[in-house]
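The lines below spell out each chain.
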Amino acid sequence: MSVKTARTFTLPTLDGIPLVVPIVLTAGVLAAGVFDAVPKNMIGGLAVIVGLGMLLGPLGNRLPVISKIGGGALICLMVPSVLVYFGVFNANTLAGVNALMKEANFLYFVISTLVVGSILGMSRKVMVGGLIRIFPPLVLGTIAAVSVGIGVAMAFGYSFHRALFYIVVPIIGGGIGEGVIPLSSAYASALGGEPGSYVAELIPAAIIGNIAAVILAGLLRRLGDRRPQLDGGGQLVKVPSPEITPPAALPEATGAGRNHALGVLIICGLFVLATLLERVVHLPAPVLVIIMSVLCKLFGVFPAEVEDSVRGIYTVIARHFIYPTMIGLGMLYLPLKNIMGVISVGYVAACIGVVIAMAATGFWVGRAIGMYPIDASLVTVCHSGLGGTGDVAILSASNRMNLMPFAQISTRIGGVTTVISAAALIRVLEG
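Residues numbered from 1 in each chain as written. Predicted model: local features only at pLDDT ≥ 70, side-chain atom pairs only at ≥ 80, totals over all residues. Heavy atoms only, no water.

## Regarding helix α14 (residues 322-332)
Then comes step 1: Among the 11 residues of α14, 10 are classified as buried, and the element is accordingly described as predominantly covered.
Then comes step 2: Along α14, the positions that sit buried rather than exposed are Ile322, Pro324, Thr325, Met326, Ile327, Gly328, Leu329, Gly330, Met331 and Leu332.
Then comes step 3: Of the surrounding secondary structure, the elements contacted by the buried residues of α14 are α2 (42-62), α3 (71-85), α4 (91-103), α5 (106-120), α13 (304-320) and α18 (387-397). (Buried < 20%, exposed > 50% of the residue type's maximum accessible area, 1.4 Å probe, protein only. Helix = DSSP H or I, 4+ residues; strand = E, 2+ residues; numbered from the N terminus. Contact = heavy atoms within 4.5 Å.)

Below is the structure:
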């Protein structure tokens, strides 16, 4: 007599959690949006982006082809943007996300956490070596990007003026808030007209460049998997032993000695002090946060246990909140309707040419001066992203969030230099 064993049904899981839990909760949140019940505050915004990020991020990492060119980062960035373009999200849902991402500035909290946490988490030797060597690939990469971008655009019939000021410069200008907006004012002052009309012409190149940079970051990550000798895994400078641990390998931030409230205080306190100092030295607060964090690390301002508390917050954000942040970026910072009116083969080719030239130069120059080529390329290509938005997207696609301090230098300093140079040059050429 045979005995049949009963089959047990196991629910699909996501990082050990039954998948049905985030699915049901996310569906409930989106349904609440239909009835205008999503709170227009941080709670409503977090409910929307965290649920979608938990589902779309892992999905992107499992999709064929997509998983090799950005995976979860690309899906979390593009799918919400497409859904907004087709009107899937109603005004109430978007208002909740807007309250979190723009009014509460959750993006800056994420960036500040990654900057402060990664700087305090690396050795002084690696930090100083990276800061010194980041500028040669950045400068040469910018020169190459400008040259290639203009060349490709002119080959497709664009004028030098159009190629430089409306395709190349917006891509390397440091994003929309820090690049496109001041550029539009400078162009209006030099050429006449309203700044708003120039914004619509500048944004498409910046967006296409950012998408190209995210895809390229995914490809660079794949190259690193195949050629580990080229890959520092989030470490810029070659040293005898690895001294930076990628976020994916960090232990869970549950150490008994960690005070997470203190970690949040350090991160937010440094940003507030940087905002105060901005009024005196006239540098952007995100740049001053980098400088202050570097000085704190160099002079050992914080005891080891305090630095470890900051690393605890960094670990939580880097591991669990990057995909949700990307959802918010895709919904609010990536307007596809701006691209559709100007897109053409030549336009897209020129944008891609800028990004590839930037990345390739960073790769070879970084290799020549003793940096890990892939990591040097990733930091350099952040100069062609959408400011802090682009940095998060690019480093997420490459799983290199601990390169954020160097990426911010590339984006902020490179962007400010580009904006100032373009504003001065357009006056000279049109004067």
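Still more ground to cover, so stick around.
## Quick word on the confidence of the model for the chain
Then comes step 1: Residue-level pLDDT values for the chain average 87, and 92% of them are 70 or greater.
Then comes step 2: Within the model, pLDDT remains below 50 along residues 241-254, and this stretch shows 36 contacts once partners closer than five positions in the same chain are excluded. (pLDDT = per-residue confidence, 0-100.)

## Focus on the environment of Val115
Then comes step 1: Along the chain, the position of Val115 falls in helix α5.
Then comes step 2: For the pair Val115 and Gly300, spaced 185 residues apart in sequence, the C-alpha to C-alpha distance is 17 Å.
Then comes step 3: Residue contacts for Val115: discarding those within four places in its chain leaves Val289, Ile290, Met404, Pro405 and Gln408.

## Considerations on the pattern of salt bridges
Then comes step 1: All chains considered together, the criterion is met by six salt bridges.
Then comes step 2: Its salt-bridge partner being Glu201, residue Arg162 comes within 2.8 Å of it at the nearest N-O pair. One end of the pair, Arg162, is in helix α8 (residues 160-171); the other, Glu201, is in helix α10 (residues 195-226), with 39 residues separating them in the sequence.
Then comes step 3: Given the relative accessible area of 31%, Arg162 is considered partly exposed.
Then comes step 4: Judged by relative accessible area, Glu201 falls into the partly exposed class, the value being 27%.
Then comes step 5: Within the structure, one salt-bridge network assembled from shared partners comprises Asp231, Asp375 and Arg400. (Salt bridge = Lys/Arg side-chain N within 4 Å of Asp/Glu carboxyl O.)

## As for the packing of aromatic side chains
Then comes step 1: Counted according to the given criterion, the structure contains nine aromatic pairs.
Then comes step 2: Taking 6.5 Å as the distance between ring centres and 65° as the angle between the ring planes, the aromatic pair formed by Phe106 and Phe321 counts as edge-to-face. Linking Phe106 in helix α5 with Phe321 in the loop between α13 and α14, this pair joins segments that are 215 residues apart in sequence.
Then comes step 3: The exposure class assigned to Phe106 is buried, which follows from its relative accessible area of 9%.
Then comes step 4: Summarising the aromatic geometry, the rings of Phe165 and Tyr187 are spaced 5.9 Å apart at their centres and angled 90° between planes, so their arrangement reads as edge-to-face. With a gap of 22 residues between them, Phe165 in helix α8 and Tyr187 in helix α9 (residues 176-191) connect regions that are remote in the sequence. Considered together, Phe165 and Tyr187 belong to a single accessibility category, that of buried residues.
Then comes step 5: Among the aromatic side chains, those forming a connected cluster through ring pairs are Phe165, Tyr166, Tyr187 and Tyr198. (Phe/Tyr/Trp six-rings, centres within 6.5 Å; stacked < 30°, edge-to-face > 60°.)

## Side note on a nonpolar patch on the surface
Then comes step 1: Residues Val128, Ile132, Leu277, Val280, Val281, Leu283, Ile291, Leu295, Leu298, Phe299 and Val301 make up a contiguous nonpolar surface patch of about 950 Å² in total accessible area.
Then comes step 2: Every element with two or more residues in the nonpolar patch is listed here: α6 (124-133), α11 (260-281) and α12 (285-298).
Then comes step 3: Mapped onto the secondary structure, Val128 falls in helix α6. (Patch = residues over 30% accessible without salt bridge, like charges linked within 9 Å, V, L, I, M, F, W, Y side chains within 5 Å. Areas by Shrake-Rupley, 256 points an atom, 1.4 Å probe, with all protein chains shown as cover.)

## With respect to the domain arrangement of the chain
Frequently, the measure chosen for interface size is the accessible area removed from exposure when the parts meet.
Then comes step 1: For the chain, the domain assignment lists domain 1 (15-102) and domain 2 (106-236 + 256-430).
Then comes step 2: Summarising the inter-unit geometry, the C-alpha centres of domain 1 and domain 2 are found 24 Å apart.
Then comes step 3: With 32 residues of domain 1 at the interface, the matching set in domain 2 holds 28 residues.
Then comes step 4: Inspection of the domain 1/domain 2 interface yields zero salt bridges.
Then comes step 5: Across the contact surface, domain 1 and domain 2 share three residue pairs in polar contact (both at pLDDT 80 or more).
Then comes step 6: Counting residues per element, the ones that place at least two in the side of domain 1 that touches domain 2 are α2, α3 and α4.
Then comes step 7: For the side of domain 1 that touches domain 2, the element with the highest residue contribution is α3, accounting for 11 residues.
Then comes step 8: Residue composition of the side of domain 1 that touches domain 2, grouped by class: 22 nonpolar, eight polar and two charged. (Domains from an automatic or database assignment. Polar contact = N/O pair within 3.5 Å; in protein donor to acceptor, adjacent residues only side chain to side chain. Nonpolar A, V, L, I, M, F, W, Y, C, P; charged D, E, K, R; others polar.)

## Focus: the side chain of Ser184
Then comes step 1: Mapped onto the elements of the fold, Ser184 is located in helix α9.
Then comes step 2: Setting aside residues up to four positions removed in sequence, Ser184 forms contacts with Pro195, Tyr198, Val199 and Leu202.

## Concerning the packing of α10 against α18
Then comes step 1: The N-to-C vectors of α10 and α18 enclose an angle of 25°; their axes lie 7 Å apart at closest approach. Classed by the angle they form, the pair α10 and α18 counts as roughly parallel. At the point where α10 passes α18, the crossing takes the right-handed sense. For the pair formed by α10 and α18, the contact residues are Asn210, Ala213, Val214, Ala217, Gly218 and Arg221 on the first element and Gly390, Ala393, Ile394 and Ala397 on the second.
Then comes step 2: Considered class by class, the residues forming the contact of α10 with α18 number six nonpolar, three polar and one charged. (Axes fitted to C-alpha atoms, helices over the stretch in contact; angles between N-to-C directions. Parallel < 35°, antiparallel > 145°, perpendicular 65-115°, else oblique. Left-handed = near helix turned anticlockwise from the far one by under 90°.)

## Brief notes about unusual backbone geometry
Then comes step 1: We note that Asp36 has phi near 55°; this positive angle belongs to a residue other than glycine.
Then comes step 2: As for its position among the elements, Asp36 is in the loop between α1 (20-34) and α2.
Then comes step 3: The backbone phi angle of Val65 is positive, close to 70°, even though this residue is not glycine.
Then comes step 4: Inspection of the secondary structure assignment puts Val65 in the loop between α2 and α3.
Then comes step 5: Judged by its relative accessible area of 57%, Val65 is exposed.

## Considerations on the packing of α3 against α14
Then comes step 1: Running from amino to carboxyl end, α3 crosses α14 at an angle of 35°, the nearest separation of the two axes being 7 Å. Here the hand of the crossing between α3 and α14 comes out right-handed. Along its contact with α3, which presents Gly72, Ala73, Cys76, Leu77, Pro80, Ser81 and Val84, the element α14 presents Tyr323, Met326, Ile327, Leu329, Gly330 and Met331.
Then comes step 2: Residue classes in the contact of α3 with α14 are distributed as 10 nonpolar, three polar and no charged.

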